[in-house]
Amino acid sequence: AAEAARYVLEVAAVSLDDKVFERALETLGGYGNSALDPLFVELLAQRKLKPMLLAVVLTYAGRQSDAISEQWVLTGLVHPVELVQRNAIDAAVARRSKRSIDVLLDVMEKEGIDVGLIGYDAHVALVNLTGVDFDNIEDWRNYWSANRESFDPAKVGADAGKTAIPRKQIDTPTFFGLE
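Residues numbered from 1 in each chain as written. Predicted model: local features only at pLDDT ≥ 70, side-chain atom pairs only at ≥ 80, totals over all residues. Heavy atoms only, no water.

## Section: the environment of Glu 109
Part 1 of the reasoning: Within the secondary structure layout, Glu 109 lies in helix α7 (residues 100–111).
Part 2 of the reasoning: Here Glu 109 falls in the partly exposed class, since its relative accessible area comes to 46%.
Part 3 of the reasoning: Separated by 29 residues in the primary sequence, Glu 109 and Glu 138 have C-alpha atoms spaced 9.3 Å apart.
Part 4 of the reasoning: Beyond its immediate chain neighbours, meaning those up to four positions away, Glu 109 contacts Ile 137 and Arg 141.
Part 5 of the reasoning: Within polar-contact distance, the side chain of Glu 109 engages the side chain of Arg 141 at 2.7 Å. (Helix = DSSP H or I, 4+ residues; strand = E, 2+ residues; numbered from the N terminus. Buried < 20%, exposed > 50% of the residue type's maximum accessible area, 1.4 Å probe, protein only. Contact = heavy atoms within 4.5 Å. Polar contact = N/O pair within 3.5 Å; in protein donor to acceptor, adjacent residues only side chain to side chain.)

Below is the structure:
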């Protein structure tokens, strides 16, 4: 199954056809995540691999809901290749992964809030997962420390009064007296 799954990944990674890509993800699902785990763990551990293979792995993981595939996402969040990290961030948001929030905070702290693509993507992902927005890592950490135990990302937006805090408004810059 591992060789067949690797072949499916390689086809999906180079296909420009959305139907082929979707069919490849369906085919991977047919193997079962327990059977895919050794291959995906091996691929995620490699640093000199075609990043598009890992993008397919993480796109697939973003559509799953089990602990095995969540671990793939968490591993992808700290991968040294930017494309892999960005796909892992997308997968974490798609899964509504509570476990990814700590890792995203670490990524945002390392990269800088809204600095570069990874820092920006981590910030946007945290806003999407939590429903809140802060300007600095200390406020994010304080919020998460206070809310970690009771927080459910699946409920963000369902009851805005309890789970979402509106983003602060930013003043529109004025140039020559015009907005």
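There's more to say after this.
## Brief notes about the packing of helix α3 (residues 33–45) against helix α5 (residues 67–77)
Part 1 of the reasoning: Running from N to C, α3 and α5 point in directions that differ by 10°, and their axes come no closer than 10 Å. On the basis of the axis angle, α3 is roughly parallel to α5. For the pair formed by α3 and α5, the contact residues are Asn 33, Ser 34, Leu 36, Asp 37, Phe 40, Val 41 and Leu 44 on the first element and Ile 68, Ser 69, Trp 72, Thr 75 and Gly 76 on the second.
Part 2 of the reasoning: When the residues that make up the contact of α3 with α5 are grouped by side-chain class, the tally is 6 nonpolar, 5 polar and 1 charged. (Axes fitted to C-alpha atoms, helices over the stretch in contact; angles between N-to-C directions. Parallel < 35°, antiparallel > 145°, perpendicular 65-115°, else oblique. Nonpolar A, V, L, I, M, F, W, Y, C, P; charged D, E, K, R; others polar.)

## A closer look at unusual backbone geometry
Among all residues except glycine, the phi angle is most often negative; among peptide bonds, the trans geometry is most common.
Part 1 of the reasoning: One non-glycine residue with positive phi stands out, namely Arg 96, at about 60°.
Part 2 of the reasoning: For Arg 96, the location among the structural elements is in the loop between α6 (82–95) and α7.
Part 3 of the reasoning: Judged by its relative accessible area of 28%, Arg 96 is partly exposed.

## A short note on the packing of α5 against α6
Part 1 of the reasoning: Their axes nearest at 8 Å, the elements α5 and α6 cross at an angle of 140°. Compared by their axis directions, α5 and α6 come out oblique. Crossing hand, α5 versus α6: left-handed. Residues Ser 69, Glu 70, Val 73, Gly 76 and Leu 77 of α5 touch α6, and the partners they reach there are Val 84, Gln 85, Ala 88, Ile 89, Ala 91, Ala 92 and Arg 95.
Part 2 of the reasoning: Residue classes in the contact of α5 with α6 are distributed as 7 nonpolar, 3 polar and 2 charged. (Left-handed = near helix turned anticlockwise from the far one by under 90°.)

## Digging into helix α9 (residues 137–147)
Part 1 of the reasoning: Looking only at α9, the buried set comprises Ile 137, Trp 140, Tyr 143 and Trp 144. One side of α9 holds all its buried residues, which, seen down the axis, span an arc of 125°. Structural note: α9 exposes Asn 142, Ser 145 and Ala 146 on the side pointing more than 90 degrees away from its buried face.
Part 2 of the reasoning: Looking at where α9 begins, the residue whose side-chain oxygen comes 3.2 Å from the main-chain nitrogen of Glu 138 is Asn 136. (Arc of directions from axis to C-beta.)

Functional significance is not addressed by these values, which are geometric in nature.
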